[in-house]
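# Topology and contacts: notes
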Amino acid sequence: MPTTRSTARAYGAPAALLLAAALLAGCTARAPETAGPSSTPSLSGSSDAHEVPPGTASSPSPRATGSASPAPSASPAPSASPVPSPSAPSPRPWPTPAPSPSAPSLPRFPVGVRADYQLGGPYPVPSGVGLVARDVTERPARGVFSVCYVNAFQTQPGDERWREHPRAILRDPEGRPVVDPSWPDEMILDTSSAASRREVLAVVGEDVATCARKGFQAVELDNLDSFTRAEGLTRRGNAALARALTEQAHSLGLLVAQKNAAEHSRWMRREVGFDFAVAEECLAWDECRAYTSVYGDAVVDVEYDGDPRELCADTRRPVTTVLRDRGLSPRGTKGYVFHACPVR
């Protein structure tokens, strides 16, 4: 599902169109590639070309609006996520994957803490909070478990690095960059072949390395569900990129969060190796069970509407649930809302 963005790097649709035009001028339409053997096993999906993209997109979530972002279109009425079959195996405890002998040890996810979601800009950690998410352009919060936001499957507004990697951008039959239909300031990245995934990894992998260098303990890879809204992409292709990024993050001592694609959680965790999940509005869209049945209490949910008392009293919510304003405004600015539910 499209998700809330940091406003720190946002720019308007006209600037995005200029970047798309520059990419179009620098890279003409090309025929579909046949991926050859890859030196990075995780980049090669086992059956990308044969998987048909699901016909139903994930439920949409709000993003940080900001002055430069377009207003989201009307969302369809929420529909319930598939309820796991009673015969399905019970979820395993959220084990931390064993690192290789040469890799740094991985931290443990802090189950049972309150969280804050600071993608709109950093501010002092509220009292009683033990987990804070911030954008990759920011510094991690001190004294808490810090999660680093990375836009892994679409271009982040204002990021000029993609000019050097035009083959990483998904294109339509006329060679034009494909944009997110709801957020035209973001182009969708091409995960359809091992070659295009290598191009994406050259940029997004740099962000993952930056998260580790700055001292974050985990990274959330946003827009995992881009295959639900772009023709030519598949679940398996996105999983192959996510797996490569997860392997890199683990080698750098970072845990990795699944972000979006709630209905694919069990398959994604098995194929990719995610450690926990970050959800947005899983209560509003009745998707919390899709995450908690796979990750147990290692789920962070961010809600944007509703009465805090009713929200926190809802038995469907994950243990770690926080109410924020849709703009994810920093404390002390107009519109700021923050309420972390008590840990049950």
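So, here is what we can say about the structure in this document. None of these values were measured; they are calculated from a predicted model. (Residues numbered from 1 in each chain as written. Predicted model: local features only at pLDDT ≥ 70, side-chain atom pairs only at ≥ 80, totals over all residues. Heavy atoms only, no water.)

### A few points about the side chain of Asn223
- Looking at where Asn223 falls in the secondary structure, it is placed in the loop between strand 4 (218-222) and helix 3 (235-251).
- A relative accessible area of 0% places Asn223 in the buried class.
- Looking at Asn223, its side chain comes within polar contact range of the side chain of Arg229, at 2.8 Å. (Helix = DSSP H or I, 4+ residues; strand = E, 2+ residues; numbered from the N terminus. Buried < 20%, exposed > 50% of the residue type's maximum accessible area, 1.4 Å probe, protein only. Polar contact = N/O pair within 3.5 Å; in protein donor to acceptor, adjacent residues only side chain to side chain.)

### Focus: the packing of aromatic side chains
- Counted by the stated rule, this structure contains three aromatic pairs.
- Positioned over the ring face of Trp267 is Arg235, at 3.8 Å from the centre of the ring. (Phe/Tyr/Trp six-rings, centres within 6.5 Å; stacked < 30°, edge-to-face > 60°. Lys NZ or Arg CZ within 6 Å of the ring centre and 35° of its normal.)

### Examining the pattern of salt bridges
- Under the definition given, this model contains 20 salt bridges.
- The salt bridge involving Arg270 is made with Glu271; its shortest N-O contact spans 3.8 Å.
- Asp314 is the partner of Arg316 in a salt bridge, and the nearest nitrogen-oxygen pair spans 2.8 Å.
- Overlapping salt bridges, with partners in common, bring together Asp159, Arg161, Glu206 and Asp207 in one network. (Salt bridge = Lys/Arg side-chain N within 4 Å of Asp/Glu carboxyl O.)

### Focus on the pairing of strand 5 (residues 255-259)
- Here strand 5 lies mainly inside the structure; five of its five residues are buried.
- The alternating pattern of strand 5 places Leu255, Ala257 and Lys259 on one face and Val256 and Gln258 on the opposite face, and all of these are buried.
- With four bridges connecting them, strand 4 and strand 5 associate as parallel partners. Bridge pairing in strand 5 links Val219 to Val256. (Pairing = 2+ DSSP bridges.)

### A short note on the state of the cysteines
- Following the criterion strictly, the structure yields three disulfides and no others.
- Here Cys148 pairs with Cys211 through a disulfide, and the sulfurs are 2.0 Å apart. Of note, the bridge from Cys148 to Cys211 carries an S-S torsion of about -65° and is left-handed in sense. On the criterion of sequence distance, the pair formed by Cys148 in strand 3 (residues 145-151) and Cys211 in helix 2 (residues 194-214) is long-range, its members being 63 residues apart. With respect to class, Cys148 is no different from Cys211; both count as buried.
- Across a sulfur-sulfur distance of 2.0 Å, Cys282 and Cys288 are joined as a disulfide pair. Taking the torsion about the S-S bond as the criterion, the Cys282 to Cys288 disulfide, at about 85°, is right-handed.
- Judged by its relative accessible area of 0%, Cys282 falls in the buried class. (Disulfide = S-S within 2.5 Å.)

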